[in-house]
Amino acid sequence: MDLEKYRANYEQIQKLQQTKNLDFYAYPAKYYCHPFRIVGNLYYIGDQKVCSHLVDTGDGLLVFDSGFPCTTHLMIQAIWELGFNPKDVKCIIHSHEHFDHIGSACEFRQLFGTQLLISEEGARVMKERPEWVYMEASEGKHSPIFTPDKTLRDGERFTLGNTTVECVHTPGHSPGVMSFFFQAQDGDKRWNVGYFGGAGFNTLYKEALKADGRPLEAREQFLQSLAKVRDRQVDIVLGNHPRQNETLDKRRRMLEDPSVNPFIDSQEWQRFCDTMSEQFRQFMENGN
Ligand SMILES: [Zn+2]
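Residues numbered from 1 in each chain as written. Predicted model: local features only at pLDDT ≥ 70, side-chain atom pairs only at ≥ 80, totals over all residues. Heavy atoms only, no water.

Engineer: Quick question: what am I supposed to make of the coordination of the zinc ion here?
Structural biologist: In an ideal tetrahedron of four donors about a metal, each angle is 109.5 degrees. In an ideal octahedron of six donors, the angles are 90 or 180 degrees. At the metal site, the zinc ion is ligated by His96 (NE2), His98 (ND1) and His173 (NE2), and these contacts range over 2.1 to 2.2 Å. Mapped onto the polypeptide sequence, the residues donating to the zinc ion form the spacing pattern H-x1-H-x74-H. Classification of His98 as buried rests on a relative accessible area of 5%. (Donors = N, O, S within 2.8 Å, 3.2 Å for Na, K, Ca; no water. Buried < 20%, exposed > 50% of the residue type's maximum accessible area, 1.4 Å probe, protein only.)

Engineer: Would you mind going over the packing of helix α7 (residues 218-229) against helix α9 (residues 268-285) with me for this structure?
Structural biologist: In a packed pair of helices, the relevant descriptors are the angle between the two axes and the axis-to-axis distance. Between α7 and α9, the shortest axis-to-axis distance is 9 Å and the interhelical angle comes to 160°. Taken together, the axis directions place α7 and α9 in an arrangement best described as roughly antiparallel. The interaxial crossing formed by α7 with α9 has left-handed handedness. Here Arg219, Phe222, Leu223, Leu226 and Val229 of α7 lie close against α9, whose contacting residues are Trp269, Cys273, Met276, Ser277, Phe280, Arg281, Phe283 and Met284. Looking at the contact of α7 with α9 residue by residue, the classes come out as 10 nonpolar, one polar and two charged. (Axes fitted to C-alpha atoms, helices over the stretch in contact; angles between N-to-C directions. Helix = DSSP H or I, 4+ residues; strand = E, 2+ residues; numbered from the N terminus. Parallel < 35°, antiparallel > 145°, perpendicular 65-115°, else oblique. Left-handed = near helix turned anticlockwise from the far one by under 90°. Contact = heavy atoms within 4.5 Å. Nonpolar A, V, L, I, M, F, W, Y, C, P; charged D, E, K, R; others polar.)

Engineer: What is the right way to read the layout of surface pockets from this model?
Structural biologist: The method is simple in principle: a probe with the dimensions of a water molecule rolls over the atoms, and the space it marks as empty is what remains. In this model, the second largest pocket occupies a volume close to 230 Å³. Lining the second largest pocket are 13 residues; nearest its centre among them are Gln244, Asn245, Glu246, Glu268 and Arg271. With five residues, α9 is the largest single contributor of residues to the lining of the second largest pocket. Here the residues of the lining of the second largest pocket sort into three nonpolar, three polar and seven charged. (1 Å grid on protein atoms, 1.4 Å probe; cavity = no way out; pocket = protein on both sides within 12 Å on 5 of 7 lines; lining within 4 Å. Points joined across faces, edges and corners; volume = space filled by probe spheres on them.)

Engineer: I would appreciate a short explanation of the sheet that holds strand β6 (residues 115-119) in the present structure.
Structural biologist: Across a sheet, paired strands are connected by hydrogen bonds in the backbone, their directions being either parallel or antiparallel. Strand order in the open sheet formed by seven strands is β1-β2-β3-β4-β5-β6-β7, with mixed pairing between adjacent strands. With one partner strand each, in any of the chains shown, β1 (36-39) and β7 (150-152) form the two edges of the open sheet. On average, each strand axis in the sheet is tilted by 25° relative to the strand beside it, whichever way the strands run. Bridge analysis of strand β3 (residues 53-56) against strand β4 (residues 61-64) gives four bridges, and the strand direction is antiparallel. Looking at β4, one finds that Val55 is bridged to Leu62. Helix-sheet contacts for helix α8 (residues 247-256) involve β1 and β2 (42-44), and the interaxial angle to β1 is about 90°. (Pairing = 2+ DSSP bridges.)

Engineer: Would you explain helix α2 (residues 72-81) in this entry?
Structural biologist: Note that an α-helix has 3.6 residues per turn; residues three or four places apart therefore point the same way. Three or more residues of α2 are buried, namely Thr72, Leu74, Met75, Ile76, Ala78 and Ile79. In this structure, the buried residues of α2 make contact with β3, β4, β5 (89-93) and α4 (105-112). Downstream of α2 by one or two residues, Gly83 has phi in the positive range, about 100°.

Engineer: I would appreciate a short explanation of α8 in the present structure.
Structural biologist: Those residues of α8 that sit buried are Thr247, Lys250 and Met254. Within α8, the buried residues cover an arc of 65° as seen down the axis, which keeps them to one side. In this structure, α8 carries Leu255 and Glu256 as exposed residues pointing more than 90 degrees from its buried face. The inward-facing, buried residues of α8 contact β1, β2, β12 (236-238) and α9. (Arc of directions from axis to C-beta.)

Engineer: How should the side chain of His94 be read in this particular structure?
Structural biologist: Position of His94 among the secondary structure elements: in the loop between β5 and α3 (99-102). A distance of 2.9 Å separates the side chain of His94 from the side chain of Ser66, its partner in a polar contact. Sequence-distant contacts of His94, that is, excluding residues within four places in its chain, are made with Asp65, Ser66, His101, Ile102, Ala105, Leu116, Leu117, Ile118, Phe146 and Phe180. (Polar contact = N/O pair within 3.5 Å; in protein donor to acceptor, adjacent residues only side chain to side chain.)

Engineer: Help me out: how do you make sense of the sheet that holds strand β11 (residues 189-195) in this one?
Structural biologist: Strands sit in the order β8-β9-β10-β11-β12 across an open sheet of five strands; the sheet is mixed. Because the sheet does not close on itself, it has two edges, and the strands there are β8 (157-160) and β12. Between one strand axis and the next, the sheet turns by 25° as a mean value, whatever way the strands run. Alignment of β8 against strand β9 (residues 163-169), held across four bridges, turns out to be antiparallel. Along β9, the bridge assignment pairs Leu160 with Thr163.

Engineer: Could you clarify how one ought to interpret the packing of aromatic side chains in this entry?
Structural biologist: Pairs of aromatic rings are described using the distance from one ring centre to the other and the angle between the two planes. Within this structure, the stated rule accounts for 23 aromatic pairs. Between Tyr43 and Phe84 the ring centres are 5.3 Å apart and the planes differ by 80°, which places this aromatic pair in the edge-to-face class. Taken together, the positions of Tyr43 in strand β2 and Phe84 in the loop between α2 and β5 put the pair 41 residues apart, joining distant regions of the chain. Pair check on accessibility: Tyr43 and Phe84 agree, each one buried. Each member of the aromatic cluster is reached from another via a ring pair, and the members are Phe181, Phe196, Phe201, Tyr205, Phe222, Trp269, Phe272, Phe280 and Phe283. Lying across the ring of Phe24, Lys49 places its NZ or CZ 5.2 Å from the centre. If you follow Lys49 out to its NZ or CZ, it ends over the ring of Tyr31, 6.0 Å from the centre. (Phe/Tyr/Trp six-rings, centres within 6.5 Å; stacked < 30°, edge-to-face > 60°. Lys NZ or Arg CZ within 6 Å of the ring centre and 35° of its normal.)

In structure tokens, the structure reads:
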């Protein structure tokens, strides 16, 4: 394919995504997902398009990612529906600096005094390259960009209550992507949880990188990031978007047969990293 075809292909994909997203931006409540317990003190509070997770640390609530700018009300409703109070959300840790993962951050801080955390690199992008947050794609009426209360470094451990989160910088999808590892508490049991912070190829088309003014090396970085965390011992994989780890299908299976928890699978993390790497290599071989 020549450059024009790359561009046409990329524009076609973008157009398709925009059409699908218009209904969501106009009627986000149609995409509400009833929140549920994954295991012990770990809950799903995202919608049908993007994931957010909540951990009850015994000393306040810890949330991973704050969704789209247009879905703050859905996240607040999900927290109430679980029987928690949104004012107890002490911290939101963000996986990366894109508008669909940081959308409710400012409102949570304004309403509940929530502390906002993101990687150093993510904070730098929001400050110096706000166009890489893709606000124009959000249809939101307000900017989701924030100045964090705390930035996270590669390898840093962050503790709230009974939960210590290991933060690992895994750039590629965006410069600031972080992946997180912690233990969920389920009575006497401890489950190792892994959250890969940004797995979409959409920002890694040659044309997309060129248009954004990001280096092509981001593609190699993405593969290196998957390799960096691949050998972790993980019992429960959290999704960044529900389709990436079949969150909603697992929930359906959970309801059909409550005796088996499909979220617990000690092979899934390696499978996820390997599949992503293979698919990404294929993506590049196909000329994208
Ligand atoms: Zn993203």
